[in-house]
Amino acid sequence: MTEPIISGAPQGTPAVVGEPDFIRLLNHADDNMVLAQRLGEWISNAPDLELDIAMGNIALDHLGVARSLYTHAGRVEARGRTEDDLAMTRPEREFTNLLLVEQPNGDFAQTIVRQVFFDLYQQLLWANLASDEDETVAGIAAKAAKENAYHREFSGNWLVRLGDGTDESHRRAQAAVDALWMFTGEMFQGDAASYRDGWEAGTGAILAEATLNVPEDPYQKSGGRIGFHTEHLGFLLAEMQWMQRSYPEMTW
């Protein structure tokens, strides 16, 4: 694959300051929280009932991972913040999720391509974190890895069906790959650089089976990990956080 050029990275000080272990947990929690919200938008809007249920279940898996990571992040931070505080009261600038997961669902092909890219990344992530020195992180990763196996099967099978299906489904799948490719390089910054080769091999194999082309444009956009997001995250958070922001410190 063409070596990417990370030329879309904004310059600036990260909006979130904290110990490395806290930031690491927050990164992965935000990834899963934002993606869960995106996938939840398909509920009652999916092409059929079976996909409606599948999307909802995958969203719940990501939400469960996010909750576990937020809870542990709160303990590591030791400032008394709960999972609700971290998920529902932080502004956009303090979220550190990957830009990929905040991209709109678009059509079904775009959702599936986004999921394939992220599922393959998380396969490598959870395999690595399952042996983490932090036993809580290792436990979360081991459970998430089992869920990820289903996610990869679901998204991979659908991408092959779309790419190697009708002319229209192929066109839409290729358009989604081309549109989202620029957000994939951000996954391999910092400590995650070692995942790149495995991800490229897995992604290349699925795209080939789906008769889809790997984009040749080397441009990559980043910034999510330091709180610089696309315009889409603000709208997502406005919907996700409206109750907590309308009724501060509410309790059930």
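One can find the structure itself at the top, above this paragraph.
The numbering scheme is per chain: residues are counted from 1 as the chain's sequence reads. Confidence filtering applies because this is a predicted model: local features only for residues at pLDDT of at least 70, side-chain atom pairs given and counted only at 80 or more, and all residues used for totals across whole chains, interfaces and linings. With hydrogens and water excluded, all non-hydrogen atoms of the structure serve as input to the side-chain values.

Q: Even after reading the chapter, I still don't get empty space enclosed by the protein, so can you show me in this structure?
A: Buried and open spaces are told apart on a 1 Å grid over the protein atoms alone, a cavity being a set of points where a 1.4 Å probe fits but cannot get out and a pocket being an open set with protein on both sides within 12 Å along at least five of seven lines. Residues with an atom within 4 Å of a point are the lining residues. Grid points are joined across faces, edges and corners, and a volume is the space filled by probe spheres set on the points. What the rule picks out here adds up to two cavities of 30 Å³ or more. Contributing to the lining of the second largest cavity are Asn32, Asp61, His62, Val65, Gln122, Trp126, Ala144, Glu147, Asn148 and His151. Each helix is a run of DSSP H or I of at least 4 residues and each strand a run of E of at least 2, with the numbering of both proceeding from the N terminus. Put simply, the parts of the chain that give the lining of the second largest cavity at least two residues each are helix H2 (49-77), helix H5 (108-129) and helix H6 (135-163). When residues of the lining of the second largest cavity are assigned to their parent elements, the largest contribution, four residues, is made by H6.

Q: Even after reading the chapter, I still don't get a nonpolar patch on the surface, so can you show me in this structure?
A: A cluster of nonpolar side chains, contributed by Trp242, Tyr247 and Met250, occupies part of the molecular surface with about 340 Å² of accessible area. Among the structural elements, Tyr247 can be located in the segment after helix H10 (242-246). Each residue's exposure class comes from its accessible area (1.4 Å probe, protein chains only) as a fraction of the maximum for that residue type: buried when under 20%, exposed when over 50%, partly exposed otherwise. Of the residues examined, Tyr247 reaches a relative accessible area of 51% and is grouped as exposed. For patches, a residue must show more than 30% relative accessible area and have no salt bridge; joins then use 9 Å for like charges and 5 Å for nonpolar side chains, namely Val, Leu, Ile, Met, Phe, Trp and Tyr. For the area figures, the Shrake-Rupley method with a 1.4 Å probe applies, and any residue is considered shielded solely by the protein chains shown. Whenever a carboxyl oxygen of Asp or Glu lies within 4 Å of a side-chain nitrogen of Lys or Arg, that contact is scored as a salt bridge.

Q: What am I meant to see in helix H9 (residues 231-240) here?
A: Those residues of H9 lying buried are Leu233, Leu236, Leu237 and Met240. Looking down the long axis of H9, one finds its buried residues gathered within 95 degrees of arc, a one-sided arrangement. Structural note: H9 exposes Glu231, Phe235, Ala238 and Glu239 on the side pointing more than 90 degrees away from its buried face. Residue contacts are defined here by distance: any two heavy atoms, one from each residue, within 4.5 Å place the two residues in contact. Looking at the buried positions of H9, the neighbouring elements they touch are helix H1 (20-40), helix H3 (83-88), helix H4 (99-102) and H10. Of all possible arcs, the one meant is that of the directions from the helix axis to the C-beta atoms.

Q: What should I look at first to understand unusual backbone geometry in this one?
A: Negative phi characterises most residues that are not glycine, and trans characterises most peptide bonds. A positive phi angle, near 75 degrees, is found at Ser44, a position not held by glycine. Tracing the backbone through its elements, the reader meets Ser44 in the loop between H1 and H2. Positive phi values are uncommon outside glycine, yet Thr211 reaches one of about 55 degrees.

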